[in-house]
Each structure stands twice: as structure tokens, then as C-alpha cells.
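Given next are the chains, with one letter for each unit.
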Amino acid sequence: MSFENSLQPHLAEVLKNAVQRNRLAHAYIFYGPKNTGKREMALELAKAANCERNEADACDRCPSCIQIAQGNHPEVMKILPEGNVIKIAQLRQLQSRFRYSAPEGVIRFAIIEEAEKMRDEAANSLLKFLEEPQSAMVVILITEHLSDVIPTIKSRCQLVRFSEIPPSAKKEQFLKKGIPEELAAVFAHLSGSLETDGEADAGGKIKHYESVVHQVKEWGTRILSGSPDALLTLSESWLLDEVKEERAWFLLDVLLLFYRDLLMVSLKGKTEIFRDSGIERLSMRHSTGKIMLAMDNVLIARRLLVRPQLNWQGIFEQMIVAVSEERLSMKNGWELIPLSKV
């Protein structure tokens, strides 16, 4: 991969020019929604700045590019939270590792993910490090929550905003990673994030998610048809496992995508995500009004799910019964949570 394949081509061009003109900032904050290419851009910038071909972009073939891509370059260090925080010990390890001058022609990179999770003492340690670098170095902080990054850190960094990207572009990236087409389309439309990269059992994870998506489609069919089995599904092991892993949101998001595809078949005669022929037959059996009502109830359930005082099972049961009775589960469903807190 190089800047040319970035999900954010306009940002890639700006950073490429900075490399070419030797005008890299000493510190950046890459911020924006999930799955917008922040981490990938940080690695591409590190590769481009240290590529042995010295052409302002990564060649992906020289030893430096390969080492950075594989995560074992001695002058490129990544820091992730330990548990829920980035600790001062991690920053001290960074300082110790970069205590001496870098080899000639090398620009060191420190990439700190989920930077909003730095404790105050870790942030203060980073501030000192930013102000007293031992050699050419770039620090990149990555976050989805810019407002949670300590102001003194923000004031010393160049802010780089990563915009939401269209699902079609996300889908292409998932396809390149070997994820099957239907699952890639589902992932591309998710409002949350599911990790499958860098895991020893990545293939097993993909098969797991494929199975869950299939089960959700079957469940959604039972809900629309008013089958009593829709309620019994709530006690099935596959669904309970997802809830246990705090992925109840995933079930509702897939269900919403399924119903949206049903609606698209009714209105436009085509689907966007699910390609099986059964979805067309199912769409013919239900009115657009009922499908839209089902979507409304899924959306209400999704909003209720973020309220810790409410039980997921009660939320799901309420959604299923409301669809069966062809009514809204709560008439004031859109007023339950202020938009600023969603």
C-alpha cells in the first residue's frame, strides 16, 4: 500500500507534499470516526518518510518499508492502551528506547493509538518528550474523541481530521483483506467496529461473523412474520454469546441492514448488501409500511440499548412484540435520549 491507495486521498496528498518538502510537523493528531484510515495513514507516513528510495512515498519493497509494515522497525514504535489507559510506564519506555540519536537519515515515529486514554501523568511525560526530542522524530496520536485529548497536548500538535468515507470505499478495503463480499458489505455499513485484523484466529472470526449474520437474517424473517419463534430466539446460544461479548448493537445493526435491503427490493427492485434470492420473496410477502415500521422499532431498540439501566432482553422483547402487533414499541421513542448524548 502507498499514499495512492489511501481512503483519504486529499490528506494523503498533503502529507506526501510535507514529506517531499521536508516539512513534517513534529506532532500530529489524527482524529475522526472509526474505519476512516487513521492508523493506516500513520504507518504510510512512517514508511514514506523512511523509504530508502527517497521518493516521498512508500515503495513497499525496501527493507525499511517492509519492517514498518511488519511492525518490527527499530525506529517506529506503536503504543496502545494497557487495559483502559495509556500509562506513564509506556511513555517512559518510549523515552528510553529513543534516548539516543537516530541513525543518519532516519526519522523516528511514535504512533499512539486511542490517545484520549492517556492519564495525566502520561500526558505530562509526553509533553516533555515533545519539547525535548533527541533527534528527528514525529509523534502521531490517533483518536476518535478529540475533545477528550488533554488541551496542552492538542496545542502542541497539528490536527488532521479524517472524514467519514462512503461504504463502497470501506467495502473495497475489506474485500482486499479477504473478507467475503456479503460480510464486507455488512462491515462497511456498520455504525460500530468489529476487529478481525491482526488476530491469530482472523479466519475463525470471519466465519463466526458470517454465521451470526445468517442467524440474524433468519431471526429478522421470523420477527416480520410474527412467529413465536422470534421470541424464543432470545434464548439461543449464538445470540446470548453476542450479548455476552457486548455485541448486542451488532445484532440490531445487521437486523436494520436486512430490513433496509427488504425495503430497497420493494422500492427499487434491488438489494445493496444481501444477495440471496430469498430476500426478494420475503419482500413480496410484506408491505413497505410494515418493513418501515420494523426498521423504526429496531432504531428505537438501538437507542434504548445505550441506556445502562435497561435490560437488553426487555428491549429486544419489546421490539419483537411491537413489530408483530404492527405498532411502534414506544411512541416517544425518538425523545428518550437527547441527540447530544447518542
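Right above here is the structure, for reference.
What you see is a predicted model; the values in this text were computed from it and never measured. (Residues numbered from 1 in each chain as written. Predicted model: local features only at pLDDT ≥ 70, side-chain atom pairs only at ≥ 80, totals over all residues. Heavy atoms only, no water.)

1. Quick look at the overall build of the chain
Summing up its helical and strand segments, the chain has 15 helices and 5 strands in all. Viewed in the frame of its principal axes, the chain has a C-alpha envelope of about 70 × 40 × 30 Å. Within the span of the chain, comprising 342 residues, buried residues form 47% of the whole. Across the chain, contacts joining residues at least 24 apart in sequence account for 68% of those joining residues at least 6 apart. Carbon and sulfur atoms make up 48% of the accessible area of the chain, which amounts to about 17,600 Å² in all. Of the charged side chains in the chain, 44 are positive and 46 negative, and the gap between their average positions amounts to 3 Å. (Helix = DSSP H or I, 4+ residues; strand = E, 2+ residues; numbered from the N terminus. Buried < 20%, exposed > 50% of the residue type's maximum accessible area, 1.4 Å probe, protein only. Contact = heavy atoms within 4.5 Å. Areas by Shrake-Rupley, 256 points an atom, 1.4 Å probe, with all protein chains shown as cover. Lys, Arg positive; Asp, Glu negative; His and termini not counted. Charge placed at Lys NZ, Arg CZ, Asp CG, Glu CD.)

2. As for helix α7 (residues 167-176)
Of all the positions in α7, only K170, K171, Q173 and F174 are classed as buried. For α7, the arc enclosing every buried residue in end-on projection is 160 degrees, short of the 170-degree limit, so these residues lie on one face. Exposed side chains of α7 directed beyond 90 degrees from the buried face belong to S168 and K176. Residues of α7 that are buried in the fold lie against α8 (181-189). (Arc of directions from axis to C-beta.)

3. Observations regarding the environment of D229
Note on placement: D229 falls in helix α10 (residues 229-232). In this structure D229 comes out as partly exposed when scored by relative accessible area, which is 40%. Taking C-alpha positions, D229 is 39 Å from T36, a pair spaced 193 residues apart along the chain.

4. Topic: the packing of helix α12 (residues 248-268) against helix α14 (residues 288-304)
A packed helix pair is summarised by two numbers, namely the angle formed by the two axes and the spacing between the axes. Between α12 and α14, whose axes approach to 9 Å, the crossing angle comes to 160 degrees. In terms of their interaxial angle, α12 and α14 are classed as roughly antiparallel. In terms of crossing hand, the pair formed by α12 and α14 is left-handed. Together, W249, L252, D253, L255, L256, Y259, R260, L262, L263, S266 and L267 of α12 and T288, I291, M292, A294, M295, V298, L299, A301 and R302 of α14 make up the contact between the two elements. (Axes fitted to C-alpha atoms, helices over the stretch in contact; angles between N-to-C directions. Parallel < 35°, antiparallel > 145°, perpendicular 65-115°, else oblique. Left-handed = near helix turned anticlockwise from the far one by under 90°.)

5. Some details on the side chain of S283
By the element assignment, S283 lies in helix α13 (residues 278-285). Excluding anything up to four places from it in sequence, S283 contacts L262, V265 and S266.

6. What to know about the packing of aromatic side chains
In total, this model carries 10 aromatic pairs according to the counting rule given. Taking the centre distance of 6.0 Å and the plane angle of 55 degrees together, the rings of Y28 and F30 count as tilted. F30 matches Y28 in its accessibility class, with the two residues each being buried. Ring geometry for F174 and F187: centres 5.5 Å apart, planes at 65 degrees, overall edge-to-face. Pair noted here: F174 is in helix α7 and F187 is in helix α8, with a separation of 13 residues, a long-range link. Here F174 matches F187 in class, with each residue buried. Here the aromatic residues F174, F187, Y209, W249 and F250 are joined through ring pairs into a cluster of three or more. (Phe/Tyr/Trp six-rings, centres within 6.5 Å; stacked < 30°, edge-to-face > 60°.)

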